[in-house]
Amino acid sequence: MKKYSETKMVIIGFGFLMGYLFDCMKEFVSEEYISTNIIAITADRETINEKRRKYPFKILLDDNISALRELKPDIILFAPPPNVAKGIIETELLIYFNECSIKPDIYAFPPSPGGEYYRDILGDDVFVCNILPNMVNEIGGMPLKGKEGYSTITYPDRTQFDKMKKRRLRDFLKPLGGTIEVKTDEIMDVLAAYVMIDLWPHRIINAARLLEFKHHKDAINSGRLEEYIYEVSASVIDFLIDSGLNIEKAKRIVRERNKLIFHLIIESDEMELTADMNSHSTRGGVFEKGIRLHEILIDGCSFDFLKRKVNSMPKVIKTCLRLISAHGKNLAGKHKVKIHPGIHAMVFGLYVRKLKNMLGDEADPIIESMVNLYGNQRGARMRQRAGLAGFDGSMETYMSFGEWTSDEGTMDIRIAEKGIPAVTRVYKCPWHAEWEKFGFVSEGEYYCRFVDKALVKGFNELLELGVNSIQTRGDEYCEFVWNGANMDGIRKLEEVNRIMPWEYHIAHLIKCIELSNEDGIEILDSIFNDIKVIYDVDLSMIEEEYRDCDFSSV
C-alpha cells in the first residue's frame, strides 16, 4: 500500500459534506501534495468558481469519468445525493472499474445504497465502506482535532477486507475523532438516532423559552430539563435496541453523541446553534426530515412533558425515528406509498390541533359540525347503495353496507351481545393506533365522539346508536349498542361498488374541512405540508382527483 502522502483521491459530489472533510484530506495527504493528489467533481455550476478559489486542487464540472481516468485514484470519496448515487455506480463507476487493473477503494457517504450494492455492480473485490462522519469538529472557535466525537462506519456483510485498508480508512477519519462500526441493516436506524440527538439545540432553545429561562445554557441543569434529556435519550436507546443493536452499543452511541452535542450547546450562542443546524439541513435529506417532524409532532409532546400535562414522548420519539430511518432508506429510490386509514386519522388530528391553536374552545362547535357533515354524508351514501340493492333502512342493513375494510391485524372487534340489541367492543382500530403513535389522542376524541352517531343518522334519522365508551377518552375499548340489530342478521356483501378507496375517504374529509369555515381552508395548506413530511404523500393530488366529486351521493 502506498504512503499516505502518495495516495490519490477523486471526490465525486463535492458539496458541503466534502468541504467539511477538507481537514481529513489535508492531514492525510499533507498540504504539500494535496493540490496534485486530489481532483474533485461537482454538479453545481453556480458554486464551482467559488470552490475553485477556496480549495487548492482541481475541480471539474460534472465529468466523473475524465477525473477518474486522469488521476487513477487509490480512493474515491463518493458523496453524490442519494437519489443519483445508484445511477453513477451503474454507469460511470462501472465503466471505469472495468477499465482499471487495480480497483480504488470507495469511501461512500450516502448511507444508502449499502456496500453490498457497490460490490454487486463493481465486483466482490472492491473495498467499500459507508460512512456517517462526525459533523462537529470545532466548538467555541476551538478545533477539536479528533479529541471528541466519532464517525460511524459500515462494511458490507460478506466482507473479507485486509486490516491495512481498514486502518487507512480510520486514519483518514482521525481529525473527526474515533470510529464505531455498525452492521449494514443498522446504519439507517443509527443515522436516525444521530439526527434526533443532533437536534438537541432545537429542543433546548425551545424548552428554555417555554420554562422562561433567559438563556438556553441556564436551562440545561434545571431539574425538569434533566428529566426531559433523560426521557428523550432513553427513547432513542430503546429504539436502537429494538432495531437490533446490543444494549451497550446503543447506550454508547447515545452517550457519546449527547456528550458532544451538549458541549456544543454550552459553548455556543443561540444564533450559532441555529446556523449550525441550518447548515446540516440538506433539502429533502434526513436532517430536514427530523426538523420538520419536530415542528409537527415532537415540539407538541415536549411542551406537554415540560408542563407536566402528559408524557407521550417515548412513543412519538420512536415513531419519528422510524420515519427518519425509512426516509433515509427511500432516498436512494422512489417508492409508492400505500394510502391507509392512518393518514385519514392524521388529517383529522392535525385539523383539530391547528384549529384549536387558532380559536381555543371556540373551535369545538366547528369541529363537531364538520364531523357531523362528514358522517351524515357518508351515511347517506350507504343508504343510497342499500336502496339501489333492494335493502331497507334497518340497523342491520347499515351494518352490512360499510364503505371501508381494514388490513389484517389492524382491527380487533369483539361481540359482547349478539342482540337484540347487538353490542360490539372495539379493542383496536387504525385511527386510535395512529393518534396514539403520534400523540394526537385528545384530538382524535372529537372524531370518536361524533362520527359513528352521525353515520347512523345520515343512514336513517330514526335509528339510534349507543356509544357507551371510547378509547380516545381513556376507556379500554369503544362499546357500541346497535339498537334493533341482531348480529345474525348482518349480511356479508360483495365489496364491489361498496368499498371506496382511502384516497376517496381522505378527499371527502378534506372537502368537509374546507366547507366547515374559512379557517378550515386556511389550515388545509399547513395540513398538506405536514402530511407530506410524515407520510411522503401529496394530498393535493388526491384533492385534485376528487375535486368535482359529490360526496353526498353515490
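See the structure printed just above.
Residues numbered from 1 in each chain as written. Predicted model: local features only at pLDDT ≥ 70, side-chain atom pairs only at ≥ 80, totals over all residues. Heavy atoms only, no water.

**Q** Would you explain the overall build of the protein chain in this entry?
**A** Each helix and strand counted, the protein chain has 24 helices and 14 strands in total. The C-alpha extent of the protein chain, read off along each of the three principal axes, is 90 × 55 × 45 Å. Across the 554 residues in the protein chain, those meeting the buried criterion constitute 52%. Taking as baseline every contact in the protein chain between residues at least 6 positions apart, the subset at least 24 positions apart corresponds to 72%. For the protein chain, the accessible area works out to roughly 25,500 Å², and carbon and sulfur atoms hold 49% of it. Of the charged side chains in the protein chain, 72 are positive and 86 negative, and the gap between their average positions amounts to 5 Å. (Helix = DSSP H or I, 4+ residues; strand = E, 2+ residues; numbered from the N terminus. Buried < 20%, exposed > 50% of the residue type's maximum accessible area, 1.4 Å probe, protein only. Contact = heavy atoms within 4.5 Å. Areas by Shrake-Rupley, 256 points an atom, 1.4 Å probe, with all protein chains shown as cover. Lys, Arg positive; Asp, Glu negative; His and termini not counted. Charge placed at Lys NZ, Arg CZ, Asp CG, Glu CD.)

**Q** Just to check I follow, could you spell out the sheet that holds strand E4 (residues 75-78) for this structure?
**A** For sheets, the rule is that strands pair by backbone hydrogen bonds, running either parallel or antiparallel. Within the open sheet, the eight strands sit side by side as E3-E2-E1-E4-E5-E6-E9-E10. Their pairing is mixed. If you trace the sheet from one side to the other, it starts and ends with strand E3 (58-61) and strand E10 (178-181), each paired once. Here the average twist between neighbouring strands, direction ignored, is 25°. Both strand E1 (residues 9-12) and E4 contribute to a ladder of four bridges, which runs parallel. In the sheet register, Met 9 faces E4, and the bridge partner there is Ile 75. (Pairing = 2+ DSSP bridges. Axes fitted to C-alpha atoms, helices over the stretch in contact; angles between N-to-C directions.)

**Q** I'm lost on the environment of Asn 134 in this one. Help?
**A** With respect to the secondary-structure elements, Asn 134 resides in the loop between strand E6 (128-132) and strand E7 (138-139). Judged by relative accessible area, which is 1%, Asn 134 ranks as buried. Asn 134 sits 14 residues away from Glu 148 along the chain, and the two C-alpha atoms are 9.3 Å apart. Excluding residues that lie within four positions of it along the chain, Asn 134 makes contacts with Tyr 20, Glu 148, Gly 149, Tyr 150, Ser 151, Leu 176 and Leu 260.

**Q** Explanation requested: the sheet that holds strand E13 (residues 465-469) in the structure shown.
**A** Taken together, four strands build an open sheet; the order of strands is E11-E12-E14-E13 and the sheet is antiparallel. Of all the strands in the sheet, just strand E11 (412-417) and E13 have a single pairing partner and so form its edges. Looking at each pair of strands side by side, their axes are set apart by 25° on average, direction ignored. When E13 meets strand E14 (residues 478-482), the two strands line up antiparallel, connected through four bridges. Among the inter-strand pairings, Ser 469 is bridged to a residue of E14, identified as Glu 479.

**Q** How do you make sense of unusual backbone geometry when you look at a structure like this?
**A** Excluding glycine, residues mostly carry a negative phi; peptide bonds, for their part, are mostly trans. In this chain, Gly 419 is followed by Ile 420 through a cis amide linkage whose omega measures 0°. For Ile 420, the position within the fold is in the loop between E11 and strand E12 (422-428). Following Ile 420, the chain continues to Pro 421 via a peptide bond in cis, the omega torsion being -5°. Residue position: Pro 421 is located in the loop between E11 and E12. At Ser 30, a position not held by glycine, the phi torsion is positive, near 90°. Of the residues examined, Ser 30 reaches a relative accessible area of 24% and is grouped as partly exposed. Positive phi is not limited to glycine here, since Lys 145 has a value of about 50°.

**Q** Where do I start with the packing of aromatic side chains in this structure?
**A** The relative placement of two aromatic rings is captured by the distance of their centres and the angle of their planes. In this structure the tally under the stated criterion is 33 aromatic pairs. Considering the side-chain rings of Trp 431 and Trp 502, the 5.6 Å spacing of their centres and the 65° angle between planes classify their relative orientation as edge-to-face. Residue Trp 431 is found in helix H20 (residues 430-438), and its partner Trp 502 is found in helix H22 (residues 502-516); the two are separated by 71 residues along the sequence. Judged by relative accessible area, Trp 502 falls into the buried class, the value being 11%. Of note, Arg 414 hangs over the ring of Tyr 427, and the distance from its end group to the ring centre comes to 3.8 Å. (Phe/Tyr/Trp six-rings, centres within 6.5 Å; stacked < 30°, edge-to-face > 60°. Lys NZ or Arg CZ within 6 Å of the ring centre and 35° of its normal.)

**Q** What is the right way to look at the side chain of Glu 116 in this model?
**A** Positionally, Glu 116 belongs in helix H7 (residues 115-122). The exposure class assigned to Glu 116 is buried, which follows from its relative accessible area of 17%. If we skip the residues at most four places from it in the chain, Glu 116 touches Pro 156, Asp 157 and Arg 158.

**Q** What is the right way to read the pairing of E12 from this model?
**A** Successive side chains on a regular strand alternate, one facing one side of the sheet and the next facing the other. One ladder, built from five bridges, connects E11 with E12; its direction is antiparallel. Within the sheet, the bridge partner assigned to Asp 412 lies in E12 and is Lys 428. In this antiparallel pair of consecutive strands, E11 and E12, the connection spans four residues, and Gly 419 shows a positive phi of 120°. Sheet topology note: the E12/E14 ladder contains five bridges and is antiparallel.

**Q** Even after reading the chapter, I still don't get helix H8 (residues 163-173), so can you show me in this structure?
**A** Think of an α-helix as turning once every 3.6 residues; residues three or four places apart then point the same way. Listed in full, the buried residues belonging to H8 are Arg 168, Leu 169, Phe 172 and Leu 173. All buried residues of H8 lie within an arc of 130° about the axis, which places them on one face of the element. Where H8 begins, the side chain of Asp 162 points an oxygen toward the backbone nitrogen of Met 164, at a separation of 3.1 Å. (Arc of directions from axis to C-beta. Polar contact = N/O pair within 3.5 Å; in protein donor to acceptor, adjacent residues only side chain to side chain.)

Nothing here speaks to function; it is geometry throughout.
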